[in-house]
Amino acid sequence: MSEQHPTARRRDPRAERAARTVRVEPRRRLVLSVDVVPQTGGRPRRDPRARRAEAIVQSVPRLRLDWTGKAVGASALPTVEGRGPRAASEPVLRVIDDPACLLFAVLDRPDGALSGHDRQVLAAARLLADAAGGAVVAVVPDGGEDLGALGADRVLPLPAAWADEYAPERRAAAVAAAIARWSPRHILFAESQDGGDLARRVAVACGERLFAGVESLSSARAARRAGGGATELGCAPPRLLSIAADAVAPLGAVRHEARRLDPPPEPDGVPALQGARRLPVDPDGVGLGEADFIVSAGNGVTDWDAFAALGRALGATRAGSRVVCDAGHLPRDRQVGASGTVVSARCYLAFGIAGAPQHLQGIGGVERVIAVNTDLHAAMIKRADLAIIADAQAVMPALVRLARERGHG
Amino acid sequence: MVDVAILLSVGRHPVSGRARRAPTDARALEMALGLPAVRRTALHAGDPASPALRDYLGMGLDRLTVLAMAHGCDPVEPLAAHLRSLSPGIVLTGNRAEGGEDSGMLPYRVAHTLGVAIVPDVVAITVEAGGGAAEVVQALARGQRRALRVALPFVATIHPAAPSARPSAFGPARRGRIDSVPVEAPPDAFLAACAARPWRDRPKRLTVGAPGSGGALDRLRAATEAKAGQGRLLVGPSPDEAALAIYECLQEQGVLPR
Ligand SMILES: Cc1cc2nc3c(=O)[nH]c(=O)nc-3n(C[C@H](O)[C@H](O)[C@H](O)COP(=O)(O)OP(=O)(O)OC[C@H]3O[C@@H](n4cnc5c(N)ncnc54)[C@H](O)[C@@H]3O)c2cc1C
């Protein structure tokens, strides 16, 4: 604190004067050399600026002060995840060399990328592993992701090709073989469509019960919904669990080593499910909330034939703003927005939509928005990732032509 | 021409709690009624007096075999034993029961015990001319469909997106016969060990922003402010330039094949 600082002492002029005094009678005489100045003093001087600087816990994005005196300055604080600038610093690598047990987190990797659900499964495995002093093994088709940053201590790679092709039987056989070899304490799956299927196949192959669709998880208790949604079944976390979506929060900044284990041997035997292929689906038959790619029309669209041709050429689901649905150009179930459908498409291509708040609410979850509008100051232009100031009636046919040239539709 | 067995369970209405047809099981029966079958055997394991069984008969079944067992017993062994004696080509079930453990494990365990393949989330089945294999369509997320070829015999679980079940008619429901076969079933020890209590909805987890990034301020911002795209802006391009920019953006996002 401020006592150590020489300039931060309160000067006591009377004491200084007394120390310098050589003689009082007949006349007071003082020594004027500097070194006689006494180092003793009364109350310590308070330095408000230094006090404040020490109380600062965080300055960006918002000033936070801690006057309790427990804060030792921002730099010396341990990193608390998610707190201002310190969150950006690299987390410390945690190495678990000699785990008490292993836990398998069997990940889906749908469409060749780790999903949010996969991260939640890793977080759930981390939770159980930390309670038991164990290590998390991510069992996942080989890919480029940094699984250490997601909380995996070990990685058990499965053949990369299994991420894209539909091979549930071989995947289940490989996971079952790995379970037999490493005998993990818990095996966690994602209760998604493919992950849930895999979990059940593995469960029957191991001859064990699956605690399916866990909705709440702690190291002492797992609970799931049963009885037609009316009852909650709870027990100590069993060996095989599948985690429901959004039941566990994904991990914040962590770093584990993600050491690779040797992959299990490829299972042999001919799979019974063969010749899997995707079927073409009618994009307009897909529910708007489910659609992946939406082309949407607003009041700025007048050429409805071109709009329909565009939907066909791009294979996109058609939708519109409320004005369009009110006018009867599109059915009501195709309305996007607060009083229509909230969409979760990956891509939203909007023609002539102003971007009213009620409409923007409906596209909050969209990954990428492309907007075509004649008005540079429309709210939709601000929201868009690619904004084009042009006439929708001219751009739509040009896009149809381009898509046909490139061999779509 | 195939021999089809349908496994039917008793559902529970989500609001009134009354026994009813389980929705996906009813769809499985609907699909069975549409298949060119030489024989359709409907099986239920449980209480033969349940009123919901009449609803299945009302869909056009003549008879329903009930393996009578007490509540809380494991139905897999008796069902598998009965199916082994029938040796059907296709076994249809719903993909998730309603009112029991609801784990969706039963079809998998039955298939494993019978030693046959299992196809989950089926919405359509076409049996090939020879009757040795079938073309099966599965429902995927986002309204997508996947086709597969499976050799008979197999177990298929029916997805809620399959064609909806016909309504149950009163006359056939009265006329249909319920054959009760008492069976021995082992008690389900795992389920008995679980603590059951009424379900209470939990608050929805707020998943805005990237995990672990930012504090309350960031979450508030993400929840209240309109999202701003980090946009490229093209002012007054020619239609062809605009079309090309959009096309490239769509390809980059992966919604159009390259
Ligand atoms: C309670 C309530 C609920 C609502 N719910 C919804 C909802 O769920 N969904 C919804 O969409 N709306 C909803 N609205 C309506 C909303 O406020 C807007 O009125 C509506 O979204 C506007 O639709 P728009 O952008 O298509 O039309 P406009 O506001 O008329 O905008 C048309 C846009 O097209 C542009 N344009 C014009 N000509 C061209 C051209 N040739 N080429 C390119 N661009 C052109 C214009 O510059 C303008 O930006 C709701 C309103 C209320 C009060």
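S.K.: What's the story with the overall build of chain B in this structure? I'm lost.
M.R.: Helix and strand counts for chain B stand at eight helices and 13 strands. Taking all 258 residues of chain B together, the buried fraction comes to 45%. A sequence separation of at least 24 residues applies to 67% of the contacts in chain B between residues at least 6 apart. Carbon and sulfur atoms provide 54% of the accessible area of chain B, an area that totals close to 12,700 Å².

S.K.: Quick question: what am I supposed to make of the packing of aromatic side chains here?
M.R.: Here the structure, examined in full by the defined rule, presents two aromatic pairs over all chains. Ring plane angle 75° and centroid distance 6.3 Å describe the contact between A:Phe211 and B:Phe190, whose orientation is recorded as edge-to-face. Here B:Phe190 lies in helix H6 (residues 189-193) and A:Phe211 lies in strand S9 (residues 210-217), a pairing that spans two chains. A:Phe211 gets classed as buried once you look at its relative accessible area, which sits at 1%. Assessed through its relative accessible area of 25%, B:Phe190 is described here as partly exposed. Aromatic pair A:Trp304 and A:Phe307: ring centres 5.6 Å apart, planes at 85°, arrangement edge-to-face. In this pair, A:Trp304 and A:Phe307 are both assigned in helix H6 (residues 304-314), three residues apart and thus about one turn of the helix distant. The same class applies to A:Trp304 and to A:Phe307, which are both buried.

S.K.: Would you take a moment to explain the side chain of B:Thr93 for this structure?
M.R.: All names here are of chain B. Relative to the elements of secondary structure, Thr93 occurs in strand S6 (residues 90-94). Overall, Thr93 belongs to the buried group, its relative accessible area being 3%. Excluding anything up to four places from it in sequence, Thr93 contacts Leu7, Asp25, Ala28, Pro107, Ala156, Thr157 and Ile158.

S.K.: How should I be thinking about the confidence of the model for chain B in this particular structure?
M.R.: Detailed reading of the predicted coordinates is not advisable wherever pLDDT is low. Averaged over all residues, the pLDDT of chain B is 87; the fraction at 70 or higher stands at 90%. Averaged pLDDT values for the elements of chain B fall to 67 in helix H7 (residues 216-224) of chain B and rise to 95 in strand S10 (residues 154-158) of chain B.

S.K.: How should the site of the ligand be read in this particular structure?
M.R.: All names here are of chain A. In the neighbourhood of the ligand, 25 residues make up the surrounding shell, with Ser321, Val336, Ser339, Ala354 and Asp391 lying closest. His359 is positioned such that a nitrogen or oxygen atom in its side chain is 2.8 Å from an oxygen atom of the ligand. In the environment of the ligand, a nitrogen atom lies 2.9 Å from a nitrogen or oxygen atom belonging to the backbone of Ala392. Relative to its free-state accessible area of 990 Å², the ligand is covered by the protein chains to the extent of 69%. When residues of the shell around the ligand are traced back to their parent elements, those giving at least two are helix H7 (322-326), helix H8 (357-362) and helix H10 (392-405). Here the residues of the shell around the ligand sort into eight nonpolar, 14 polar and three charged.

S.K.: Is there a simple way to explain the pattern of salt bridges in this structure?
M.R.: Pairs can form between side chains of opposite charge once their charged atoms are near each other. All names here are of chain A. Overall, the coordinates contain 35 salt bridges over all chains when judged by the stated rule. Between Glu191 and Arg200 there is a salt bridge whose closest N-O contact spans 3.1 Å. When its relative accessible area of 4% is taken as the criterion, Arg200 is described as buried. Two residues, Arg259 and Glu257, come together in a salt bridge whose shortest N-O distance is 3.0 Å. Among the residues examined, Glu257 registers a relative accessible area of 24% and is labelled partly exposed. What emerges from the salt-bridge pattern is a single network uniting Arg94, Arg126, Asp130 and Asp153.

S.K.: Where do I start with the packing of H6(A) against H10(A) in this structure?
M.R.: The relative placement of two packed helices comes down to the angle between their axes together with the axis-to-axis distance. Residues and elements named next belong to chain A. Running from N to C, H6 and H10 point in directions that differ by 30°, and their axes come no closer than 9 Å. Judged by the angle between their axes, H6 and H10 are roughly parallel. Once H6 is placed against H10, the crossing between them reads as left-handed. Contact residues: H6 offers Ala306, Phe307, Ala309, Leu310, Ala313 and Leu314, while H10 offers Met396, Leu399, Val400, Ala403 and Arg404. Here the residues of the contact of H6 with H10 are counted per class, giving 10 nonpolar, no polar and one charged.

S.K.: What's the story with the sheet that holds strand S18 (residues 368-373) of chain A in this structure? I'm lost.
M.R.: Strand pairing in a sheet relies on backbone hydrogen bonds. The paired strands run either parallel or antiparallel. With parallel pairing, six strands are arranged side by side in an open sheet as S16(A)-S15(A)-S17(A)-S18(A)-S19(A)-S13(B). In the strand order of this sheet, the two ends are held by strand S16 (317-320) of chain A together with strand S13 (232-235) of chain B, each with one partner. Averaged over all adjacent pairs, the angle separating strand axes in this sheet is 15°, with direction ignored. Pairing geometry for strand S15 (residues 293-297) of chain A and S16(A), over four bridges, is parallel. Of the residues in S16(A), the one forming a bridge with A:Ser296 is A:Ala319. Each of S15, S16 and strand S17 (347-351) of chain A is contacted by H6(A), which is oriented at about 175° to S15(A), the strand it contacts most. On the sheet, H10(A) packs against S17 and S18 of chain A and is oriented at approximately 130° with respect to S17(A).

S.K.: What should I look at first to understand a nonpolar patch on the surface in this one?
M.R.: Residue and element names in this part refer to chain A. Residues Leu63, Leu65 and Trp67 make up a contiguous nonpolar surface patch of about 300 Å² in total accessible area. Mapped onto the fold, Leu65 is located in strand S4 (residues 64-65). You can call Leu65 partly exposed: its relative accessible area is 33%.

S.K.: Looking at this structure, how should I read the interface of chain A and chain B?
M.R.: With 87 residues of chain A at the interface, the matching set in chain B holds 81 residues. Both faces combined, the contact of chain A with chain B buries some 7,200 Å², and carbon together with sulfur accounts for 57% of it. Its largest share of buried area at the contact with chain B, chain A owes to A:Gln193, A:Arg209 and A:Glu232, together 10% of the area lost on that side. Inspection of the chain A/chain B interface yields nine salt bridges. Of the charged contacts in the structure, one is a salt bridge between B:Asp240 and A:Arg401, with a shortest N-O distance of 3.5 Å. Where chain A meets chain B, there are 33 residue pairs in polar contact (both at pLDDT 80 or more).

S.K.: Whenever I open this one, the confidence of the model for chain A confuses me. Can you help?
M.R.: Looking at chain A as a whole, its pLDDT mean stands at 85, while 89% of the residues score no less than 70. When the criterion is pLDDT under 50, residues 73-88 of chain A qualifies, and its contacts beyond four places in sequence or with other chains add up to 27 contacts.

S.K.: Could you clarify how one ought to interpret the sheet that holds strand S12 (residues 240-243) of chain A in this entry?
M.R.: The strand order across the open sheet formed by 10 strands is S13(A)-S7(A)-S6(A)-S5(A)-S8(A)-S12(A)-S9(A)-S10(A)-S11(A)-S12(B), and the pairing between neighbours is mixed. Lying at the two open borders of the sheet, with one neighbouring strand each, are strand S13 (259-260) of chain A together with strand S12 (195-198) of chain B. Pairing geometry for S9(A) and strand S10 (residues 222-226) of chain A, over three bridges, is antiparallel. Looking across to S10(A), one finds that A:Leu217 is bridged to A:Ala222. Those strands touched by helix H4 (residues 168-182) of chain A are strand S5 (102-106), strand S6 (135-141), strand S7 (154-158) and strand S8 (186-190) of chain A, and its axis lies near 175° from that of S5(A). Against the sheet, helix H5 (residues 193-206) of chain A engages S5, S8, S9 and S12 of chain A, with an angle of about 150° to S8(A).

Quick notes on the rules
Residues numbered from 1 in each chain as written. Chains lettered and ligands numbered in written order. Predicted model: local features only at pLDDT ≥ 70, side-chain atom pairs only at ≥ 80, totals over all residues. Heavy atoms only, no water. Helix = DSSP H or I, 4+ residues; strand = E, 2+ residues; numbered from the N terminus. Buried < 20%, exposed > 50% of the residue type's maximum accessible area, 1.4 Å probe, protein only. Contact = heavy atoms within 4.5 Å. Areas by Shrake-Rupley, 256 points an atom, 1.4 Å probe, with all protein chains shown as cover. Phe/Tyr/Trp six-rings, centres within 6.5 Å; stacked < 30°, edge-to-face > 60°. pLDDT = per-residue confidence, 0-100. Near = heavy atom within 4 Å. Polar contact = N/O pair within 3.5 Å; in protein donor to acceptor, adjacent residues only side chain to side chain. Nonpolar A, V, L, I, M, F, W, Y, C, P; charged D, E, K, R; others polar. Salt bridge = Lys/Arg side-chain N within 4 Å of Asp/Glu carboxyl O. Axes fitted to C-alpha atoms, helices over the stretch in contact; angles between N-to-C directions. Parallel < 35°, antiparallel > 145°, perpendicular 65-115°, else oblique. Left-handed = near helix turned anticlockwise from the far one by under 90°. Pairing = 2+ DSSP bridges. Patch = residues over 30% accessible without salt bridge, like charges linked within 9 Å, V, L, I, M, F, W, Y side chains within 5 Å. Buried area = accessible area lost by both parts, 1.4 Å probe.

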